[in-house]
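Secondary and tertiary structure notes
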Amino acid sequence: GDSVTQMEGPVTLSEEAFLTINCTYTATGYPSLFWYVQYPGEGLQLLLKATKADDKGSNKGFEATYRKETTSFHLEKGSVQVSDSAVYFCALGSFTGGGNKLTFGTGTQLKVEL
Amino acid sequence: DAGITQSPRHKVTETGTPVTLRCHQTENHRYMYWYRQDPGHGLRLIHYSYGVKDTDKGEVSDGYSVSRSKTEDFLLTLESATSSQTSVYFCAIRGMTHSGNTIYFGEGSWLTVV
């Protein structure tokens, strides 16, 4: 079945550092890939998405590229801020051919310090 | 804002009592979902609905039932709450954007079973 594996946290960075959070997936067919962000005490917000191979999703300085050859969707940001501190979830969506499911990784907590 | 409202937002209940969580949406989406979030597990699908009176089980459906008598409301019921059902519950809808299907989440309902 579908599965998502993302790097364990917490990840602690200094402000303005480069961020990478690794995400790999296993899926049949042609899934869509998502990154969600969750701030303390809040729900999940869609950060970015990609729907096919080689697509790059981007939002608020974050980027991720759908790599079918390596089954990966790593999240990157060139310069993190304290306000980026949150939990980040990678997810895989199978919505075609009768599929109707979003499968999540376990989340990676990011802490950004001054 | 995907127009999703969850109620109650916080609840403490006793073991063995029934609990109902409500999800209300304002945008006439066909697909609605209930997830639970627990440390180390990410989000896991409990039940979902693909129309009025049309529901199906997710990966962790034991101990839960759902109902959808109107397009806008999706109810999650714990028939007899147990401590293992202490969790954060998220309702979600599936919406179509210019870039394809995307799932949007409500703010969450924090449930504690004592």
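Please refer to the structure placed before this passage.
Attention in this report is confined to the structure presented alongside it.

Quick notes on the rules
- Residues numbered from 1 in each chain as written.
- Chains lettered and ligands numbered in written order.
- Predicted model: local features only at pLDDT ≥ 70, side-chain atom pairs only at ≥ 80, totals over all residues.
- Heavy atoms only, no water.
- Contact = heavy atoms within 4.5 Å.
- Buried area = accessible area lost by both parts, 1.4 Å probe.
- Salt bridge = Lys/Arg side-chain N within 4 Å of Asp/Glu carboxyl O.
- Polar contact = N/O pair within 3.5 Å; in protein donor to acceptor, adjacent residues only side chain to side chain.
- Helix = DSSP H or I, 4+ residues; strand = E, 2+ residues; numbered from the N terminus.
- Pairing = 2+ DSSP bridges.
- Axes fitted to C-alpha atoms, helices over the stretch in contact; angles between N-to-C directions.
- Disulfide = S-S within 2.5 Å.
- Buried < 20%, exposed > 50% of the residue type's maximum accessible area, 1.4 Å probe, protein only.

Moving on, we come to the interface of chain A and chain B. Contacts between the two partners involve 19 residues from chain A and, on the opposite side, 24 residues from chain B. Across the chain A/chain B interface, buried area totals approximately 1,600 Å², and carbon plus sulfur atoms make up 56% of it. Summed over the shared surface of chain A and chain B, the number is 0 salt bridges. Across the chain A-chain B interface, the total number found is 5 residue pairs in polar contact (both at pLDDT 80 or more). If you list the elements that add at least two residues to the side of chain A that touches chain B, you get β5 (32–38), β6 (44–50) and β11 (101–104) of chain A.

All names here are of chain A. Pairing within the open sheet is antiparallel, and its 4 strands lie in the order β3-β9-β8-β7. Among the strands making up the open sheet, the edge pair consists of β3 (19–21) and β7 (56–59). Within this sheet the neighbouring strands show an average axis-to-axis angle of 15°, counted without direction. In this structure, strand β8 (residues 62–65) lies alongside strand β9 (residues 75–77), joined through 3 bridges in antiparallel fashion. When the bridges of β9 are listed, A64 appears paired with L75.

Let us now look at the state of the cysteines. Scanning all chains against the criterion turns up 2 disulfides over all chains. Covalently, C23 of chain A is tied to C90 of chain A through a disulfide, its sulfur atoms 1.9 Å apart. Measuring handedness by torsion sign, the sulfur bridge of C23 of chain A and C90 of chain A sits at about -70° and is left-handed. Taken together, the residues C23 of chain A in strand β4 (residues 23–26) and C90 of chain A in strand β10 (residues 86–94) connect sequence positions 67 residues apart. As far as burial versus exposure is concerned, C23 of chain A and C90 of chain A are alike and both buried. Across a sulfur-sulfur distance of 1.8 Å, C23 of chain B and C91 of chain B are joined as a disulfide pair. A torsion of -70° about the S-S bond marks the disulfide between C23 of chain B and C91 of chain B as left-handed. Highlighted residues: C23 of chain B in strand β3 (residues 19–25) and C91 of chain B in strand β9 (residues 87–97), separated in sequence by 68 residues. Of the residues examined, C91 of chain B reaches a relative accessible area of 0% and is grouped as buried.

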